[in-house]
Amino acid sequence: MRADAGNPARQRWAEHWVRAHVWAGVLAGVLVTMPTSLAEIAVAPPLIVGALFFPWTRRLWLETLKSPVVALLLLLGAWLTLGLLGSPDRRLGIEEVGNFRFFAAAVLLLPAQRLTPTGRGRIIAAMAVGFLAGNVVQALNAWAVLADGPAVLRFGRDADRLSGWWDPAVAGTILTAALGLHLPAALMGRGRTRAVALVGAGVTIVALLATGSRGGWIASAGLLAITAVVAGVRVLRHKSGAAAPATGLAVLVLVVAVAVFLFRGEIGHRLSAAREQVARAVDGRYEGDDGARLLMKRAALDAFAAHPIIGVGTGGYAHWAREHFPDEAAHIHDHAHDTLLHAAASNGLIGAGLLLAVAVAGLVRGVGWAAHGGWGTYAAGPLFALVGLLLTTPFDTLYVSASAAAVAGVVLALCAYQPGPCEFEGRGLLRRRG
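Residues numbered from 1 in each chain as written. Predicted model: local features only at pLDDT ≥ 70, side-chain atom pairs only at ≥ 80, totals over all residues. Heavy atoms only, no water.

**Q** Tell me about the overall build of the protein chain, and name the residues and values.
**A** If you tally the helices and strands in the protein chain, you get 19 helices and 0 strands. The dimensions of the protein chain, computed from C-alpha atoms along their principal axes, are 75 × 55 × 50 Å. For the protein chain, the share of sequence-separated contacts (at least 6 apart) that also reach a separation of at least 24 residues comes to 75%. Distance between charge centroids for the protein chain: 16 Å, based on 37 positive and 26 negative side chains. (Helix = DSSP H or I, 4+ residues; strand = E, 2+ residues; numbered from the N terminus. Contact = heavy atoms within 4.5 Å. Lys, Arg positive; Asp, Glu negative; His and termini not counted. Charge placed at Lys NZ, Arg CZ, Asp CG, Glu CD.)

Now the structure itself:
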């Protein structure tokens, strides 16, 4: 902040606005973990603070244009908007484009990350705390359902779908991201950070199993395996002891075993239902949640095959699917419950290609943050949260489901930029120029 060093009053004023940016980012990080009604407004705090402070940070915003993640998101958003022109259901298409607002976090959270070295870490911590608050609500939900507690805490859930204030299916997606925040520190960290991460990961695993979300279970198992492999490779590369990763993995496997035992009845019921529904779907009877999802994947593939370049139009997937599968129309949802297939069906190869490019760009920058801050720290958490979200894409449409889009937007924002110097301290950015 050398440019303002000679003016203490201006310096103090600037410091207050830096804190405002950071706390707006922290609030956004918490809100995306809340029920949908609160997650809907997650981008509002950084948007308001950013608009108020724009005259002093306008040079900083130019950095967003250098991020491949932001550039690709802008192209994807523009392509989705163009897809409305040929959509048979523009109302639904407008809702899809509207949900894309959550990815504005990739731009809006830049000041919180660049104006102070601690900003990014505070947003990560805010997300972790918000998810743990949701886990507490899940515990209350379990007590209310299993012990005939207050109706207000039951949330209309069955005993095998104890997801608290989150929708059970979406809970599997966003809790996989929550697990990703904790896993690198849990398996590769040290000292107190590792202990905190192990507790966070253990709680999240129990919470995931309680949701009954089979897609979340599969994605989280894959995420745990990937993180363990990364930890093992790092041990071999640096020729360090394997005790820490092995101990952390053993603790989490034990947590899984205990949780599976505790929820064995509910888990068994969910797995039996899945086997029965998949068997019926093979015979052409698309019954239940899993049967419907297989039908929707088939419809998405057919839609893509019919319109491979530009798709059937943003929001047009459900209309096309119901029209071509009239006997099964009741089982068709507004989106395909598969991110890549929905993008391919709705917006063709171009839409799906842009979506994949955004994911790859986010992963590359996430690796940079992990290398910069340490693979065994929470600085690597957003990278593994992004990997977790990508593993859930066969089971949910991330950019259409509001809660999933909100979490994905902030996770991507935390992976959008390469590590760099603090602008506030390094360039005196906050001096207003006439």
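**Q** Please provide a residue-by-residue account of the environment of Met296, values included.
**A** Tracing the backbone shows Met296 in helix 14 (residues 288-306). Classification of Met296 by relative accessible area gives buried; the value is 0%. Each C-alpha atom, one on Met296 and one on His337, is 7.5 Å from the other, the two residues being 41 residues apart in sequence. Met296 has contacts with Tyr317, His331, Ile332, His333, His335, Ala336 and His337, leaving out every residue within four places of it along the chain. (Buried < 20%, exposed > 50% of the residue type's maximum accessible area, 1.4 Å probe, protein only.)

**Q** If you had to explain the pattern of salt bridges to someone new, which residues and values would you point to?
**A** Pairing is possible between side chains of opposite charge, provided their charged atoms come close. Throughout the structure, instances matching the rule amount to 7 salt bridges. A salt bridge links Arg114 to Glu63; the nearest nitrogen and oxygen atoms lie 2.8 Å apart. Here the residue Arg114 occupies a position in helix 7 (residues 110-114), and Glu63 occupies one in the loop between helix 3 (44-61) and helix 4 (68-82), the gap between them amounting to 51 residues. Across the pair Arg154 and Asp148 runs a salt bridge whose closest N-O atoms are separated by 2.7 Å. Asp148 sits in the exposed class, given a relative accessible area of 61%. (Salt bridge = Lys/Arg side-chain N within 4 Å of Asp/Glu carboxyl O.)

**Q** Hey, could you go over the packing of aromatic side chains for me, with residue numbers and the actual values?
**A** Per the counting criterion, the structure on display carries 5 aromatic pairs. With centroids separated by 5.1 Å and ring planes inclined at 15°, the aromatic side chains of Trp17 and Phe53 adopt a geometry described as stacked. Pair noted here: Trp17 is in helix 1 (residues 8-31) and Phe53 is in helix 3, with a separation of 36 residues, a long-range link. Measuring from centroid to centroid gives 6.4 Å for Phe131 and Trp166, while their planes differ by 55°, and the two rings are tilted. Of this pair, Phe131 sits in helix 8 (residues 119-146) while Trp166 sits in the loop between helix 8 and helix 9 (168-188), placing them 35 residues apart in sequence. Under the relative-accessibility criterion, Phe131 is labelled buried at 2%. Through successive ring pairs, a cluster of aromatic residues spans Phe131, Trp165 and Trp166. The cationic tip of Arg120 hangs over the ring face of Trp369; the distance from NZ or CZ to the ring centre is 4.1 Å. Above the plane of the ring of Phe261 lies Arg264, whose end atom (NZ or CZ) is 4.2 Å from the centre. (Phe/Tyr/Trp six-rings, centres within 6.5 Å; stacked < 30°, edge-to-face > 60°. Lys NZ or Arg CZ within 6 Å of the ring centre and 35° of its normal.)

**Q** Got a sec to walk through the nonpolar core? Specific residues and values, please.
**A** Of all hydrophobic cores here, the largest spans 92 residues; its most connected members are Leu73, Phe103, Met127, Phe131, Leu252, Val407 and Val410. Sorting elements by how many residues they give to this core places helix 9 first, with 13 residues. Contact partners of Met127, with chain neighbours within four places excluded, come to Gly29, Val32, Thr33, Leu181, Val407, Val410, Val411 and Leu414. Membership of the second largest hydrophobic core comes to 19 residues, among which are Ala281, Met296, Val312 and Ala318. (Core = buried A, V, L, I, M, F, W, Y, C linked by side-chain atoms within 4.5 Å.)

**Q** How would you summarise the side chain of His342 if you had to cite specific residues and measurements?
**A** Within the secondary structure, His342 sits in helix 16 (residues 339-373). Residue contacts for His342: discarding those within four places in its chain leaves Glu96, Tyr317, Asp334, His335, Ala336, Asn347, Thr397, Tyr399 and Val400.

**Q** Which residues make up unusual backbone geometry, and what values do they have?
**A** Backbone geometry at Asp148 places phi at a positive 55°, although glycine is not the residue there. Of note in the backbone geometry, Phe155 takes a positive phi value of approximately 55° without being a glycine. Within the secondary structure layout, Phe155 lies in the loop between helix 8 and helix 9. On the basis of relative accessibility, which here comes to 31%, the residue Phe155 falls in the partly exposed class.

**Q** Outline helix 15 (residues 317-324), listing residues and values.
**A** Within the sequence span of helix 15, burial applies to Tyr317, Ala318, Trp320 and Ala321. Buried residues of helix 15, viewed axially, fall in a sector of 165°; they line one side. On its buried face, helix 15 sits against helix 5 (90-99), helix 14 and helix 16. (Arc of directions from axis to C-beta.)

**Q** Mind laying out the packing of helix 9 against helix 11 (residues 214-238), listing which residues take part and the relevant values?
**A** Here helix 9 crosses helix 11 at 20°, and the two axes come no closer than 10 Å. What the angle tells us is that helix 9 and helix 11 run roughly parallel. By crossing handedness, the relation of helix 9 to helix 11 is classed as right-handed. Residue-level contacts link Gly172, Thr176, Leu179, Gly180, Leu183, Pro184, Leu187 and Met188 of helix 9 to Gly216, Ala219, Ser220, Leu223, Leu224, Thr227, Ala228, Val230, Ala231 and Arg234 of helix 11. (Axes fitted to C-alpha atoms, helices over the stretch in contact; angles between N-to-C directions. Parallel < 35°, antiparallel > 145°, perpendicular 65-115°, else oblique. Left-handed = near helix turned anticlockwise from the far one by under 90°.)

Nothing here speaks to function; it is all geometry.
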